[in-house]
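Chains, contacts and geometry: an overview
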Amino acid sequence: MSETPISYPAPWRVIIGLWPHIVGRTQTSVDDFSAAICASIRPEPIFIGWDRLPASARFVLVANHYQRAGLWILHPAAVLTQMVRKHYGPGDPPVRWIVTANWPRIHVGPLSFHSPGDVLLPRVADALSCYPVSFVGSNAAFSARSLRRVLREAPIADRPLGLFPEGVGGSAGTLTDPLPGVDRLLVHLAKAGLPVQPVGISERGRFVIRIGQTISAAELVQADEPARLAMCRLADLL
């Protein structure tokens, strides 16, 4: 099997198709959106450990933030979304992702101003049924509103919540520390009955998706650092 990393073109046609939903503030089919992205991913991913997925689709899907030159995080996120769709059947969205929905400030000489992404990306997140949060330290109130919504809706959720604990600091082949606040979030979600399902993303001429052992809600509540526990389980899958 080839070890040369594959370059995956950005799926602009699929992304441009979101525009009417961005303008109209409506939601699109995440199932169709992620399936369209996966249709262009060749060779197809390898999945290892299907039998480790929980019987119930109520869990937090935790994965490493796998992005590099020639590979956008949107590609592995779509692969994981379709993995859930294949295993648990119809349900839209198959996964509700927590996503970073702003860009760094733009600097022009001594001037600094907000990026247009601060307006655009939350609308993209809404169109794809995601929970938008901001970079750490760059609009705590916005992130807090989204996370309160996550916790409010978690007890009635019937599909997984998707999370990349490293945030945008993560990259292919390297694990970094989980973001501040992930510990508290996982504990609150565990108290709502959601275990963590670690899924490791790597490559060997194609995506290799390794599904780990589920971390029970009780284990998360009792852990001193539940986010680091999840990252250690991810490290074992890479």
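One structure accompanies this document, and this report is about it. (Residues numbered from 1 in each chain as written. Predicted model: local features only at pLDDT ≥ 70, side-chain atom pairs only at ≥ 80, totals over all residues. Heavy atoms only, no water.)

1. Here's the deal with the sheet that holds strand E9 (residues 207-211)
Put simply, the test is: Pairing between strands is defined by DSSP: at least two bridges between them are needed. For the purposes of this entry, the term helix denotes a DSSP run of H or I that reaches at least four residues, the term strand denotes a run of E that reaches at least two, and both are numbered from the N terminus. Here an axis means a line fitted to C-alpha atoms, over the contact stretch when the element is a helix, while the angle between two N-to-C directions is reported on a 0 to 180 degree scale. When checking whether two residues touch, look at their non-hydrogen atoms; a contact exists if any pair is within 4.5 Å.
Pairing is mixed in the open sheet, where seven strands are placed in the order E1-E9-E8-E2-E7-E3-E6. In the strand order of this sheet, the two ends are held by strand E1 (46-48) and strand E6 (131-133), each with one partner. On average, each strand axis in the sheet is inclined to that of its neighbour by 25°, with strand direction left out of account. Judged from the three bridges that link them, E1 and E9 form a sheet pairing that is parallel. Opposite Ile-46, over in E9, you have Val-208 as the bridge partner. Contacting E1, strand E2 (60-63), strand E3 (96-100), strand E8 (196-203) and E9, helix H4 (residues 74-88) runs over the sheet at an angle of about 50° to E9. Relative to E6, helix H6 (residues 140-153) is tilted by about 150°, and along the sheet it contacts E3, E6 and strand E7 (161-163).

2. So, the environment of Ile-98
With respect to the helices and strands, Ile-98 occurs in strand E3. Between the alpha carbons of Ile-98 and Leu-175 there is a distance of 18 Å; along the sequence they are 77 residues apart. In this view, Ile-98 contacts Tyr-131, Val-133, Val-150, Leu-161, Gly-162, Leu-163 and Leu-185; residues no more than four positions away in its chain are not counted.

3. Concerning the nonpolar core
In a soluble, globular protein the nonpolar side chains are often hidden away together inside. Inclusion rule: Only buried residues count toward a nonpolar core, which is a set of Ala, Val, Leu, Ile, Met, Phe, Trp, Tyr and Cys residues joined through side-chain atoms within 4.5 Å. Relative accessibility under 20% of the residue-type maximum defines a buried residue, over 50% an exposed one, and the middle range a partly exposed one, all with a 1.4 Å probe and only protein chains included.
Counting 37 residues, the largest nonpolar core has Leu-61, Leu-80, Met-83, Trp-97, Ile-201, Phe-207 and Ile-209 as the members making the most contacts within it. Counting only elements with at least two residues in this core, the list comes to helix H1 (12-16), helix H3 (30-38), E2, H4, E8 and E9. The contact partners of Leu-80, leaving out residues within four places of it in the chain, are Leu-61, Ala-63, Trp-97, Val-199, Ile-201 and Ile-209. By size, the runner-up hydrophobic cluster in this structure holds 25 residues, among which are Ala-190, Val-196, Ala-230 and Leu-234.

Remember, this is a structural readout, not a statement about activity or role.
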